[in-house]
Amino acid sequence: MRLYAVVAAGGFRRYATYRTATAAGVFTNTVFGFIVAYAYIALWDERPQLGGYDTAQALTYVWLGQALLMACAMMGGGFEDELAERIRTGDIAVDLYRPADLQLWWLAADLGRAAFHLLGRGVAPMFLGALAFDLALPGSLWTWPAFLVSVFLGLVVSFAVRFLVALSAFWLLDAAGAMRIASLAGLFFSGMLLPLNLFPGLLGEVARALPWSSLLQVPADVFLGRRTGWGLVEAYAFQGGWAVVLLLAGRLLQTAATRRVVVQGG
C-alpha cells in the first residue's frame, strides 16, 4: 500500500506544478459559475421549488458542480488519455510486467490528481460563490464528512468508468471516440448541465440510476441535506455498488488485455 500512497502523492505534486493553469482554471470555473448561477436565478424565479430545490439550494448545486468538475473529471482530462496512448504505442507492455497492479497504480495516481483539483480548483470557486450568493450551506458539522465520503466514492466511480474506456484501446486501437462519448455522457448524466431531479419521467429515472449520477447529483444531495439517515446509507450503497461493479469489470478487462499482450508477445 505504501507504493500506491507514493504514487498518489506523486499525482498530487504533478498537477501542483502547473500553477498558472490552476489559476486560469479557478478563474474559468468562477466565471462559468456566475453565468450558470444567474441563469438558475432566472429559472427558479419562474419556477420556484423546481426539482425540489429552493433558490439557495439550486445556487449551491451550481457551485458544487464547479468545485467537482475537474476533480471528478466529468469532461475527461484525467489519466485516460495517457493510458490509452501507452496502449496504442505498445508501452503498456512494460506496465503490465511491472511488479505493481495496473489498475491500482492508475487509481492512486488519479486520486492524487483529484485531491489537488478539489483543493486547487474547487475550494476557491465555492468560496467566491458563497461570498456572492446566499448559498444553502450545511447546518450540521457532520454533513461535511458525510459529503467528503460521497465525493470520494464519486471519484472512484469516475476513475472506474474512465479506466474501462481507456482499456478499450486494446481492441479499438484509438480510444479517442470512446473517450469523447464517455465525456459527453459524464457531462450530461452527472447532472452538471441540470440537476437530474429536473429530468422528466423515464429519462430522469434512468439518469439517476446510471453511475455518472455518483459524480455530482448524489454528493450534492448529501451536501444539501437531502440524504440523511437511511437515505445517506442508500446513497453510499448506490455509489459503492457502482464502484465495485465497474472496478471488477475493469479488472476482467485488464486480465483479458494482459493475456492478449502475452499471446502477441509470445
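My aim in this report is to walk through the structure given alongside it, one point at a time.

Cut-off values and rules
- Residues numbered from 1 in each chain as written.
- Predicted model: local features only at pLDDT ≥ 70, side-chain atom pairs only at ≥ 80, totals over all residues.
- Heavy atoms only, no water.
- Helix = DSSP H or I, 4+ residues; strand = E, 2+ residues; numbered from the N terminus.
- Buried < 20%, exposed > 50% of the residue type's maximum accessible area, 1.4 Å probe, protein only.
- Lys, Arg positive; Asp, Glu negative; His and termini not counted.
- Charge placed at Lys NZ, Arg CZ, Asp CG, Glu CD.
- Core = buried A, V, L, I, M, F, W, Y, C linked by side-chain atoms within 4.5 Å.
- Contact = heavy atoms within 4.5 Å.

**Things to note about the overall build of the protein**
Counting secondary structure elements, the protein contains 13 helices and zero strands. The order of α-helices and β-strands along the protein, N terminus first, is α-α-α-α-α-α-α-α-α-α-α-α-α. Seen through its principal axes, the protein has C-alpha atoms that stretch 65 × 45 × 35 Å. A total of 266 residues make up the protein; the buried ones form 48% of that total. Mean positive and mean negative side-chain charge positions of the protein (18 and 16 charges, respectively) differ by 8 Å.

**A look at the nonpolar core**
Tyr 40, Leu 64, Met 74 and Leu 216 are the most contacted members of the largest nonpolar core, which totals 46 residues. Secondary-structure elements contributing two or more residues to this core are α2 (19–46), α3 (55–68), α8 (143–167), α10 (176–189), α12 (217–223) and α13 (230–265). No other element matches α8, which puts nine residues into this core. Residue contacts for Leu 64: discarding those within four places in its chain leaves Met 126, Phe 147, Leu 216, Ala 220 and Phe 223. Core analysis: the second largest hydrophobic core is formed by 20 residues, Ile 87, Ile 92, Phe 159 and Leu 167 among them.

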